[in-house]
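Each chain, letter by letter, is given below.
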Amino acid sequence: MNIMNFEDVDRRPALRRVSDVLVVGGGAAGVAAAATARRQGLQVTLLEKYGFCGGGAVAGLSGTVCGLYLATERAGARPEQVVFGFADEFVRALDARGGIAPPVRYGRTWTRVHDPLIWRDTADDLLAAEGVTVIYHALATRVLLDGDRIAGVSAWTKQGRVDIEAAITVDASGDADVVAMAGLGSFVGDDGHVQNPTMIFRLLGVDVARFRAEYGDDTIMGEAVSAALRRAQAAGRPLPRSKVWLFPTTRPGELLCNCTRITGADGRELDPLRFADFTEAEIEGRRQVHAYAAFIRDHLVGCEQAFVNDTGVQVGIRQSRQVQGTARLLNADVVAARKFDDGIARSPWPIELHAGDRPKVEWILDDYYTVPYGCFVPTAGEGLLVAGRCLSAEHEAVASARVTAQCFSYGQAIGHAAALAVRDRRQPRAVDAAAVRDALRRDGAAIN
Ligand SMILES: Cc1cc2nc3c(=O)[nH]c(=O)nc-3n(C[C@H](O)[C@H](O)[C@H](O)COP(=O)(O)OP(=O)(O)OC[C@H]3O[C@@H](n4cnc5c(N)ncnc54)[C@H](O)[C@@H]3O)c2cc1C
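Residues numbered from 1 in each chain as written. Predicted model: local features only at pLDDT ≥ 70, side-chain atom pairs only at ≥ 80, totals over all residues. Heavy atoms only, no water.

Looking at an unreviewed UniProt entry, the protein carries the name FAD dependent oxidoreductase, with the source organism given as Chitinasiproducens palmae.

Here is the structure:
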């Protein structure tokens, strides 16, 4: 067989759609970007490869909305919210449906555990109410180029190819897929090293009251649990991570478990952009889920009857490809809580770096940093913006900047930037960050 003689065919006619703004990816950033651009009166299409929105938060079962509250060491402090706008709106919409729990302790800050099924419904209803055209089960596979301008994407659907043309395309794929397809500048982690993936799972049958009475309110498990894990490791159990997070959820008898640390069988870091590594991560992730569930059942108080209810639809990817932006958020900016004149989002979340033997957490106390607009604007190419975790940021900076409240905030800002670009017939690089900031202020998003 000579593969050179094969024809690359799909004989079905390609369908064509036209939109002002096209958003690729329906994670937190994509939902916020699509809703915000639509609210400015534009025609908006959102493409999503799964049959639901939520991305890492839902398919990856990441489970909590981090990044809303300040971290502090002040005795007796209560959660102090500093991120508002779309993040706050979505959290309130979840709350109205019983889809999010009150703030729980996460070390020196707080987070809120959400119900992924209610997340999906909330996004569906919100996008439908705004009039966003959503196309599920559509995988963007190519970019449409008009000279140097990204003029939309081609997507694979069961109906055949769909070409969606747009004045502005927003890459909210998490993996900067559109950036890569267009051949624009991107990079991966710290010289190719990325944070490890985690397969999250949920346990049912837990006596949460006994569990809490034994381990306290902090969802980052303390030394008692880590020591038990180390003993089990020494006894040969395949439990590579000894510092784990366990969250009681909105549902009775349930714990959301962020425990696994996935590396290759040969110990190397897995790169989720490689299909072989991504496959290995899924299989190893599911194996580790069973090992951790057995450990929890055997060793943790209140968990004696616990069983795995589900895992993420896919392994959780913290970091992959990121855009080369006109600005880059540096590790030092995060640590120094730097505020930029062109900042379009706030983040009080610590650097939470999942690499090596145990996750490293570096707190930003009683303060937050902001993220500049240029982190979402590719250095080359026209007609394209990115939103979400594929922003331009250094390795440790993205270990802070990637969480859900911030991805909502980026999406909201980039939805406004896209609308300004369409309305004023400007390229994203020429959009004035001050105009984006004004629009965010009008929305009630606190940005400084
Ligand atoms: C293990 C783990 C635990 C985490 N825990 C927390 C936590 O507790 N709290 C918190 O706030 N954050 C947490 N995070 C981070 C957070 O979940 C993500 O960073 C955030 O959801 C990213 O949002 P996003 O919109 O940028 O990207 P994503 O959520 O990755 O969304 C991208 C979307 O694009 C779609 N897509 C991708 N490629 C294509 C394509 N070519 N065509 C069409 N669609 C495409 C995907 O299906 C997905 O829906 C965690 C992440 C991981 C991996």
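## Quick notes on the overall build of the protein
Secondary structure assignment for the protein yields 11 helices and 20 strands. Taken over the C-alpha atoms alone, the protein extends approximately 65 × 60 × 40 Å along its principal axes. Each of the 448 residues in the protein was classed as buried or not, and the buried ones make up 57%. A separation of at least 24 residues holds for 74% of the contacts in the protein among residues at least 6 apart in sequence. Surface accessibility of the protein: about 17,900 Å² in total, with carbon and sulfur atoms responsible for 49%. The positive charge centre, built from 51 side chains, and the negative charge centre, built from 55, are 2 Å apart in the protein. (Helix = DSSP H or I, 4+ residues; strand = E, 2+ residues; numbered from the N terminus. Buried < 20%, exposed > 50% of the residue type's maximum accessible area, 1.4 Å probe, protein only. Contact = heavy atoms within 4.5 Å. Areas by Shrake-Rupley, 256 points an atom, 1.4 Å probe, with all protein chains shown as cover. Lys, Arg positive; Asp, Glu negative; His and termini not counted. Charge placed at Lys NZ, Arg CZ, Asp CG, Glu CD.)

## Side note on the environment of Ser 320
Mapped onto the fold, Ser 320 is located in the loop between β14 (307–311) and β15 (321–323). Taking relative accessible area as the criterion, Ser 320 reaches 2% and is therefore assigned buried. Measuring from C-alpha to C-alpha, the distance between Ser 320 and Gln 195 comes to 8.4 Å, with 125 residues separating the pair along the chain. In terms of polar contacts, Ser 320 uses its side chain to reach the side chain of Asp 175, at 2.5 Å. Of note is the side chain of Ser 320, whose polar atom sits 3.3 Å from the side chain of Arg 389. (Polar contact = N/O pair within 3.5 Å; in protein donor to acceptor, adjacent residues only side chain to side chain.)

## Topic: the side chain of Gln 288
Tracing the sequence through the fold places Gln 288 in helix α7 (residues 275–299). Beyond its immediate sequence surroundings of up to four residues, Gln 288 is in contact with Pro 240, Thr 260, Arg 261 and Ile 262.

## Some words on empty space enclosed by the protein
In the structure shown here, the tally under the stated rule is three cavities of 30 Å³ or more. Each pocket or cavity is described by its volume, and for the largest cavity that value is around 70 Å³. At the level of elements, β16 (343–347) and α10 (404–423) are the ones that each hand at least two residues to the lining of the largest cavity. Of the residues belonging to the lining of the largest cavity, the class tally is nine nonpolar, two polar and one charged. Counted as a void, the second largest cavity has a volume near 40 Å³. Forming the walls of the second largest cavity are Val 113, His 114, Asp 115, Pro 116, Arg 202, Thr 249, Thr 250, Arg 251, Glu 254 and Leu 256. Here the residues of the lining of the second largest cavity are counted per class, giving three nonpolar, three polar and four charged. Looking at which domains feed residues into the lining of the second largest cavity, each of domain 1 (15–69 + 111–192 + 319–443) and domain 2 (200–311) gives three or more. (1 Å grid on protein atoms, 1.4 Å probe; cavity = no way out; pocket = protein on both sides within 12 Å on 5 of 7 lines; lining within 4 Å. Points joined across faces, edges and corners; volume = space filled by probe spheres on them. Nonpolar A, V, L, I, M, F, W, Y, C, P; charged D, E, K, R; others polar. Domains from an automatic or database assignment.)

## Description of the packing of helix α1 (residues 28–39) against α10
Interaxial distance between α1 and α10 falls to 7 Å at its minimum, and their mutual angle equals 30°. Between α1 and α10, the interaxial angle falls into the category roughly parallel. In this structure, the crossing between α1 and α10 has a hand that is right-handed. Facing Ala 28, Ala 29, Ala 32, Ala 33, Thr 36 and Ala 37 of α1, the residues of α10 in contact are Thr 404, Cys 407, Phe 408, Gly 411, Gln 412, Gly 415 and His 416. Tallied by class, residues from the contact of α1 with α10 come to seven nonpolar, six polar and no charged. (Axes fitted to C-alpha atoms, helices over the stretch in contact; angles between N-to-C directions. Parallel < 35°, antiparallel > 145°, perpendicular 65-115°, else oblique. Left-handed = near helix turned anticlockwise from the far one by under 90°.)

## Examining the domain arrangement of the protein
With domains assigned, the protein is organised as domain 1 (15–69 + 111–192 + 319–443) and domain 2 (200–311). Placing the centre of domain 1 and that of domain 2 at their C-alpha centroids yields a distance of 29 Å. With 23 residues of domain 1 at the interface, the matching set in domain 2 holds 19 residues. Here domain 1 meets domain 2 over a buried area of about 1,600 Å², counting both sides, of which 64% is carbon and sulfur. Broken down residue by residue, the surface that domain 1 buries against domain 2 is led by Leu 61, Val 113 and Arg 358, which jointly contribute 32%. Counting the contacts that link domain 1 with domain 2 gives zero salt bridges. (Buried area = accessible area lost by both parts, 1.4 Å probe. Salt bridge = Lys/Arg side-chain N within 4 Å of Asp/Glu carboxyl O.)

## Thoughts on the sheet that holds strand β11 (residues 201–204)
Taken in spatial order, the four strands make up an open sheet running β12-β13-β11-β14, and their pairing is antiparallel. The open sheet has two free edges, formed respectively by β12 (245–248) and β14, since each of these has just one partner strand. Taken over all neighbouring pairs, the strand axes of this sheet differ in orientation by 30° on average, direction set aside. Alignment of β12 against strand β13 (residues 255–258), held across four bridges, turns out to be antiparallel. Within β13, the position partnered with Trp 245 by the bridge is Asn 258. Taken strand by strand, α7 contacts β11, β12, β13 and β14, and its axis lies near 35° from that of β11. (Pairing = 2+ DSSP bridges.)

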